[in-house]
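Topology and contacts: notes
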Amino acid sequence: MSFSLLQPSFFMSKTKSYAQILIGSWLFLTAMAIYFSLWVAPPDFQQGGNSRILYVHVPVAWMSIVIYIATAINSFLFLLTKHPLFLRSSGTGTEIGAFFTFFTLVTGVFWGKPMWGTFWVWDARLTSVLILFFIYLGALCFQKLSVELASILICVGLIDIPIIKFSVNWWNTLHQPGSISRSGTSIHVSMLIPILSNFANFLLFTCIFFVLETRLLILSFLESSLTEEIEAREGACALVHSEQGLNKVQLKLDRPTR
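What you see is a predicted model, and the numbers here were worked out from it, not measured in a lab.

Cut-off values and rules
Residues numbered from 1 in each chain as written. Predicted model: local features only at pLDDT ≥ 70, side-chain atom pairs only at ≥ 80, totals over all residues. Heavy atoms only, no water. Helix = DSSP H or I, 4+ residues; strand = E, 2+ residues; numbered from the N terminus. Buried < 20%, exposed > 50% of the residue type's maximum accessible area, 1.4 Å probe, protein only. Contact = heavy atoms within 4.5 Å. pLDDT = per-residue confidence, 0-100. UniProt positions renumbered as here; feature names shortened; annotations may be inferred. Polar contact = N/O pair within 3.5 Å; in protein donor to acceptor, adjacent residues only side chain to side chain. Arc of directions from axis to C-beta. Core = buried A, V, L, I, M, F, W, Y, C linked by side-chain atoms within 4.5 Å. Salt bridge = Lys/Arg side-chain N within 4 Å of Asp/Glu carboxyl O. Expected span 1.5 Å × (residues − 1). Axes fitted to C-alpha atoms, helices over the stretch in contact; angles between N-to-C directions. Parallel < 35°, antiparallel > 145°, perpendicular 65-115°, else oblique. Left-handed = near helix turned anticlockwise from the far one by under 90°. Nonpolar A, V, L, I, M, F, W, Y, C, P; charged D, E, K, R; others polar.

1. Let's talk about the overall build of the chain
A count of helical and extended segments in the chain gives eight helices and two strands. Listing every helix and strand of the chain by position from the N terminus yields α-α-α-α-α-α-α-β-β-α. Taken over 258 residues, the chain has a buried fraction of 32%. When contacts within the chain are restricted to residue pairs at least 6 apart in sequence, long-range pairs at least 24 apart make up 75% of them.

2. A short note on the confidence of the model for the chain
Taken residue by residue, the chain gives an average pLDDT of 81. The fraction at 70 or more is 78%. Note that pLDDT drops below 50 for residues 1-5; the model gives that stretch four contacts with residues more than four away or on any other chain.

3. What about the UniProt feature "transmembrane region" (unreviewed entry) in the chain?
Mapped onto the present numbering, the UniProt feature "transmembrane region" (unreviewed entry) falls on residues 21-40, 60-80, 92-112, 124-142, 149-171 and 191-212. With 100% helix and 0% strand, the stretch residues 21-40 has end C-alpha atoms that lie 26 Å from each other. Taken end to end, residues 92-112 has its terminal C-alpha atoms 30 Å apart, with 100% of it in helix and 0% in strand.

4. A short note on the side chain of Thr107
Residue position: Thr107 is located in helix H4 (residues 84-116). For Thr107, the side chain forms a polar contact with the side chain of His57, separated by 2.9 Å. There is a polar contact of 2.8 Å between the side chain of Thr107 and the backbone oxygen of Phe103. Once residues within four sequence positions are removed from consideration, Thr107 is found in contact with Ile53, Val56, His57 and Val60.

5. Examining helix H7 (residues 160-170)
All of the buried residues along H7 are Asp160, Ile161, Ile164, Ser167 and Val168. Each buried residue of H7 lies within a common arc of 150 degrees when the element is viewed along its axis, so the set occupies one face. Looking at the buried residues of H7, the elements they touch are helix H3 (54-81) and helix H5 (124-145).

6. A short note on the nonpolar core
Buried together is how nonpolar side chains tend to be arranged in soluble globular proteins. Counting 21 residues, the largest nonpolar core has Met63, Ile67, Tyr68, Phe100, Leu132 and Tyr136 as its most contacted members. For this core, the elements supplying multiple residues, two or more each, are H3, H4, H5, H7 and helix H8 (189-254). Broken down by element, this core gets its largest block of residues, seven residues, from H5. Contacts of Tyr68, omitting those with residues within four sequence positions, involve Leu132, Ile135, Tyr136, Leu153, Ile154, Gly157, Leu158 and Ile161.

7. A short note on the pattern of salt bridges
Within the structure shown, the criterion is met by two salt bridges. Between Glu148 and Lys82 there is a salt bridge whose closest N-O contact spans 3.6 Å. Of this pair, Glu148 sits in helix H6 (residues 147-156) while Lys82 sits in the loop between H3 and H4, and the two are 66 residues apart along the sequence. For Lys82, a relative accessible area of 44% corresponds to the partly exposed category. Among the salt bridges present, the one from Arg88 reaches Glu213, with a minimum N-O distance of 2.9 Å. With Arg88 in helix H4 and Glu213 in helix H8, the pair connects residues that are 125 residues apart, well separated along the chain. Classification of Arg88 by relative accessible area gives partly exposed; the value is 29%.

8. What to know about helix H2 (residues 19-40)
The end-to-end C-alpha distance of H2 is 30 Å, a good match for the 32 Å that 22 residues give at a rise of 1.5 Å each. Every buried residue of H2 is listed here: Ala33, Phe36 and Ser37. Along the axis of H2, the buried positions cluster into a sector of 90 degrees, meaning they face one direction only. Facing away from the buried side of H2 by over 90 degrees, the exposed positions are Gln20, Phe28 and Trp39.

9. So, the packing of H4 against H5
Where H4 meets H5, the axes come as close as 9 Å, and the angle between the chain directions of the two elements is 150 degrees. Considering the angle they form, H4 stands roughly antiparallel to H5. Where H4 crosses over H5, the handedness of that crossing is left-handed. Facing H4, whose interface residues are Ser90, Gly91, Gly93, Thr94, Glu95, Gly97, Ala98, Thr101, Phe102, Thr104, Leu105 and Trp116, H5 presents Leu126, Val129, Leu130, Leu132, Phe133, Tyr136, Ala139, Leu140 and Gln143. Taken together, the residues of the contact of H4 with H5 sort by class into twelve nonpolar, eight polar and one charged.

Below is the structure:
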């Protein structure tokens, strides 16, 4: 099954068959995430309604990291194989990752103002996420000059991911340590459900976007190959007609004059 997915015809047929299911699931998750975030989850006793921003802020922050890791893997595979599918996936991941990282910074700003009294502080977590955003932007700029340089930048930038993750443990920051770990979570289930539902919603949306981008890539290859085949056939027909014309001329020249 996994090897069959690599075949363009199989991929196109299966994604077309399951397109309605994927889109329907995403719409259902979107509705459930909004419902849990606005009506089910209670306001925090310290933060009040401002805590609802975290139901979006935390999932988009996770997405910015998950997409970066996936983009780095595609970039590394592109450097090894030069396959256009990895290049397209890396470019798409860079664009989506930049959006999620920007959204992380924006939601963090709106949450931080009432909680910290300021829109921005040079906190270790904030600074490392800002660096991640600049890496995304740098890769987008490098893609216009050299896709190899963009891929190398993404791979080198992986060093920022553990810094983001462990910055709250390595330095004295305004951010609290991670609330979710292998040993469990300190978040109440009524607040954990909106976070996880939004994360699943964003993750499914990203998967659908990647599937659409892959379908567009396959269609562009099919279109280009079909165009080349048509041009080749037209060239062959023109060559045949020209040869037939030359043969007729040659026959006329070979006829004896009376």
